[in-house]
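# Coordinate inspection notes
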Amino acid sequence: MALAEEEVKVEENSPIEVSFQFPKESDSVISKMLLTVGSKTIEAKVMENEKAEQKYDDQIAQGNVAALLKKNKNSFDLHQIDIGNILPGQLIKVEISII
């Protein structure tokens, strides 16, 4: 099992959205994604693309931090994580387990 991990701390004066791209071998599977915001850890849920994008947008509109993991449309082996509404000074950690 492989683990991809990234941490972000916002140094801006207003909320931001960040995106990360990472490669994934075609025969591997993402088994878990955890998003830690401060001391709170949230485990991602698998959803249909349109539903996931709508949920992400709804959470951002409500002022919550949200994350969206999806395949890159231009590359089968490249995935992207969008994390939105990261507040100034907030520390965000993303962990992805790949098997």
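Let me sum up the structure you'll find in this document. All values derive from a computational prediction rather than experimental measurement. (Residues numbered from 1 in each chain as written. Predicted model: local features only at pLDDT ≥ 70, side-chain atom pairs only at ≥ 80, totals over all residues. Heavy atoms only, no water.)

## Remarks on the sheet that holds strand S6 (residues 78-86)
Pairing between sheet strands relies on hydrogen bonds along the backbone, with the strands arranged either parallel or antiparallel. With antiparallel pairing, the three strands of this open sheet are ordered in space as S2-S6-S5. Of all strands in the sheet, those bounded by a partner on one side alone are strand S2 (16-23) and strand S5 (66-71). Strand after strand, the sheet turns through a mean of 15° between neighbouring axes, direction not considered. Here S2 pairs with S6 via seven bridges, running antiparallel. (Pairing = 2+ DSSP bridges. Helix = DSSP H or I, 4+ residues; strand = E, 2+ residues; numbered from the N terminus. Axes fitted to C-alpha atoms, helices over the stretch in contact; angles between N-to-C directions.)

## Some details on the environment of Asn13
Among the structural elements, Asn13 can be located in the loop between strand S1 (2-9) and S2. Residues Asn13 and Ile98, spaced 85 residues apart in sequence, show a C-alpha to C-alpha distance of 34 Å.

## Notes on helix H1 (residues 49-61)
Taking 1.5 Å per residue, 13 residues should reach 18 Å; H1 reaches 18 Å between its end C-alpha atoms and fits that length. Positive backbone phi, approximately 90°, marks Gly63, located one or two places after H1. (Expected span 1.5 Å × (residues − 1).)

## So, the side chain of Ser28
Here Ser28 lies in the loop between S2 and strand S3 (30-37). At 2.7 Å, the side chain of Ser28 forms a polar contact with the backbone oxygen of Glu25. Setting aside residues up to four positions removed in sequence, Ser28 forms contacts with Ile98 and Ile99. (Polar contact = N/O pair within 3.5 Å; in protein donor to acceptor, adjacent residues only side chain to side chain. Contact = heavy atoms within 4.5 Å.)

## Let's talk about the pairing of strand S4 (residues 40-43)
Where S3 lies against S4, four bridges are found, and the strand directions are antiparallel. Looking across to S4, one finds that Leu34 is bridged to Glu43.

## Describing the pattern of salt bridges
Across all of its chains, the model carries one salt bridge by this definition. Measuring nitrogen to oxygen at the nearest pair gives 3.3 Å for the salt bridge that ties Asp82 to Lys70. A residue pair is termed long-range when its members are at least 10 positions apart, and Asp82 in strand S6 and Lys70 in strand S5 qualify at 12 residues. (Salt bridge = Lys/Arg side-chain N within 4 Å of Asp/Glu carboxyl O.)

## A look at the nonpolar core
Counting residues in hydrophobic clusters, the biggest one holds 15 residues, and the most contacted among them are Leu35, Ile81, Ile83, Ile92, Val94 and Ile96. Mapped by element, the contributors of at least two residues to this core are S2, S3, S6 and strand S7 (91-98). Per element, the largest residue contribution to this core is four residues, and it comes from S7. Excluding residues that lie within four positions of it along the chain, Ile92 makes contacts with Glu6, Glu7, Val8, Leu35, Thr36, Val37, Val65, Ile83 and Ile86. (Core = buried A, V, L, I, M, F, W, Y, C linked by side-chain atoms within 4.5 Å. Buried < 20%, exposed > 50% of the residue type's maximum accessible area, 1.4 Å probe, protein only.)

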